[in-house]
Amino acid sequence: MTLAYLIRKEFLQIRRNAFLPRLIVMFPIVIMCVMPWVMQMEVKNIVVDVVDIDHTVESHRLVQQIAASGYFIFGGQKASYAEAMKDVEKGRADVVLEIRDGRYLIAANAVNGTKGSMGSAYLSQIVASPSSPEGTKTAPSSARSSIGTPSGAVAEALIFYNKHQNYKLFMIPALFAIVMMLMTGFLPTLNIVGEKEAGTIEQINVTPVSKWAFILAKLIPYWLIALFVITVSLLLAWLVYGLTPAGPVWLIYVLAMLLALFFSSFGLIVSNYSDTMQQAMFVMWFFVVSIMLLSGLFTPTRSMPEWAYLTTYVNPMHYFIDAIRTVFIRGGGLQQVAHQVIALLVIGTLMAAWAVQSYKKNS
């Protein structure tokens, strides 16, 4: 009964807070409705300056194809290569194409490495087949499922999952991790440290309430809120993008709660060692950003240096993202993600034990 009253107290505090109820509702809406549109690796709107010295029919046709492509913005024809490079230096152009004596020179601004490499690859594809009637309609070879070989044969790539290569389908499951991170990590941490600053936690410390009851009363409300937020996120993915999990929905909730166990325990540990809200915020931000960037949320973990890749073995968000993409996109079941589930359970349990041990009720 004591635990029930403490949980009720937490919900009353959340409801009376002028900011938290709005945050709980608006955060998943913003994350699910805005982030998938901007967090994508596809490169578009590449500004191209053309230096056409030849002025032939073929070069004119090539310029028209570049101007009509959905991946490029035609920056205009320049009189000389030096004039085009001035646009690159001033940030008005990303790629320069020079046509001279039937040869093509592509110079890309690689300050943004992704945009430079992808832009030059896209342009190289158009240059390689300037007379193709489909050149202005189809995507570059890096976005298609077939490629040419030196012998002239065509190799077909079979795409088993995410057949349309929709980057939103790839990112939306991973965004669940960001939602869980805030709801079950930051909010409980700031709640406990806020009570420390206000002095109200001392009143609970002198009562016969056990450590377990106090800790569970602080965490259970945010676990329930996390379940609500995951449900909202799944509904928004279906309503806004028409995307539904290919695997069992219940397994997504299991993975979410295991990640919640880790973040809530980690947040409690930070709050136990922090005296002010500012201190807790900085410590949480440092660790959470490191965990997120090393998890494979944005980039493949195999692209990391070997020493950085080793950190994924103890990174719970990496296991969560790997598992939820398997369930959401590939339609995997419990057998396919058993390794990730066990890893999340072990890491979360160890962190929970540390959280309880580090809390000093009578301090």
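As shown above, the structure is provided for reference.
Treat the numbers as computed from the prediction; the structure is a model and nothing was measured.

The rules behind each value
- Residues numbered from 1 in each chain as written.
- Predicted model: local features only at pLDDT ≥ 70, side-chain atom pairs only at ≥ 80, totals over all residues.
- Heavy atoms only, no water.
- Helix = DSSP H or I, 4+ residues; strand = E, 2+ residues; numbered from the N terminus.
- Buried < 20%, exposed > 50% of the residue type's maximum accessible area, 1.4 Å probe, protein only.
- Contact = heavy atoms within 4.5 Å.
- Areas by Shrake-Rupley, 256 points an atom, 1.4 Å probe, with all protein chains shown as cover.
- Phe/Tyr/Trp six-rings, centres within 6.5 Å; stacked < 30°, edge-to-face > 60°.
- Lys NZ or Arg CZ within 6 Å of the ring centre and 35° of its normal.
- Pairing = 2+ DSSP bridges.
- Axes fitted to C-alpha atoms, helices over the stretch in contact; angles between N-to-C directions.
- Right-handed = clockwise from strand over helix to strand, strands pointing away.
- Core = buried A, V, L, I, M, F, W, Y, C linked by side-chain atoms within 4.5 Å.
- Left-handed = near helix turned anticlockwise from the far one by under 90°.
- Nonpolar A, V, L, I, M, F, W, Y, C, P; charged D, E, K, R; others polar.

With that out of the way, let us pick up the overall build of the chain. A tally of helices and strands in the chain yields 13 helices and six strands. A buried classification covers 46% of the 363 residues belonging to the chain. Considering only residue pairs separated by 6 or more positions, the chain has 76% of its internal contacts joining residues 24 or more positions apart. For the chain, the accessible surface area stands at approximately 18900 Å², while carbon and sulfur atoms represent 64% of it.

Summed over the entire model, instances satisfying the criterion amount to eight aromatic pairs. Between Phe 176 and Phe 328, the ring centres sit 6.3 Å apart and the planes meet at 75 degrees, which makes this aromatic pair edge-to-face. Placement of the pair is Phe 176 in helix α6 (residues 167-198) and Phe 328 in helix α12 (residues 316-328), with a sequence separation of 152 residues. Grouping residues by exposure puts Phe 176 and Phe 328 together as buried. Judged by centre distance (5.6 Å) and plane angle (75 degrees), the rings of Phe 266 and Phe 287 are edge-to-face. Taken together, the residues span a long stretch of sequence, with Phe 266 in helix α9 (residues 249-272) and Phe 287 in helix α10 (residues 277-293) at a distance of 21 residues. The positively charged end of Arg 325 is found above the aromatic ring belonging to Phe 170, 3.6 Å away from the centroid.

This brings us to the sheet that holds strand β2 (residues 72-77). The strand order β2-β1-β3-β4 describes an open sheet built from four strands, whose pairing is mixed. If you trace the sheet from one side to the other, it starts and ends with β2 and β4 (103-108), each paired once. When the angles between neighbouring strand axes are averaged without regard to direction, this sheet yields 20 degrees. Across the face of the sheet, helix α5 (residues 113-128) comes into contact with β1 (46-52), β2, β3 (95-100) and β4 while running at roughly 165 degrees to β4.

Right, let's get into the pairing of β2. The sheet contact formed by β1 and β2 spans five bridges and is parallel. Residue pairing in the sheet places Val 50 in a bridge with Gln 77 of β2. Chirality of the crossover, the property in question, places the unit of β1, helix α3 (residues 57-68) and β2 among those that are right-handed.

The next point concerns unusual backbone geometry. A positive phi angle is found at His 55, which is not glycine, with a value near 55 degrees. Of the residues examined, His 55 reaches a relative accessible area of 60% and is grouped as exposed. Of note in this structure, Asp 101 is not a glycine but carries a positive phi near 55 degrees. For Asp 101, the position within the fold is in the loop between β3 and β4.

Moving on to the nonpolar core. By size, the foremost hydrophobic cluster in this structure holds 87 residues, and its most contacted members are Phe 176, Met 183 and Phe 320. Here this core gets 18 residues from one element, more than from any other, and that element is α6. Discounting residues that sit within four places of it in the chain, Met 183 has contacts with Leu 23, Ile 24, Phe 27, Pro 28, Pro 188, Tyr 222, Ile 225 and Val 229. Among the nonpolar cores identified, the runner-up in size contains 16 residues, and Val 50, Tyr 71, Phe 72 and Leu 123 belong to it.

Quick look at the side chain of Asp 94 now. Relative to the helices and strands, Asp 94 is located in the loop between α4 (81-89) and β3. Setting aside residues up to four positions removed in sequence, Asp 94 forms contacts with Asn 45, Ile 46, Val 47, Ala 107, Ala 108, Asn 109 and Lys 115.

We now examine the packing of helix α2 (residues 20-38) against helix α8 (residues 211-241). Relative to each other, α2 and α8 sit at 35 degrees, their axes nearing to 10 Å. In this structure, α2 meets α8 at a crossing whose hand is right-handed. Between α2 and α8, the contacting residues are Leu 20, Ile 24, Pro 28, Ile 29, Met 32, Cys 33, Val 34, Pro 36 and Trp 37 on the first element and Tyr 222, Ile 225, Phe 228, Val 229, Val 232, Ser 233, Leu 236, Ala 237, Val 240 and Tyr 241 on the second. Residues that form the contact of α2 with α8 fall into these classes: 18 nonpolar, one polar and no charged.

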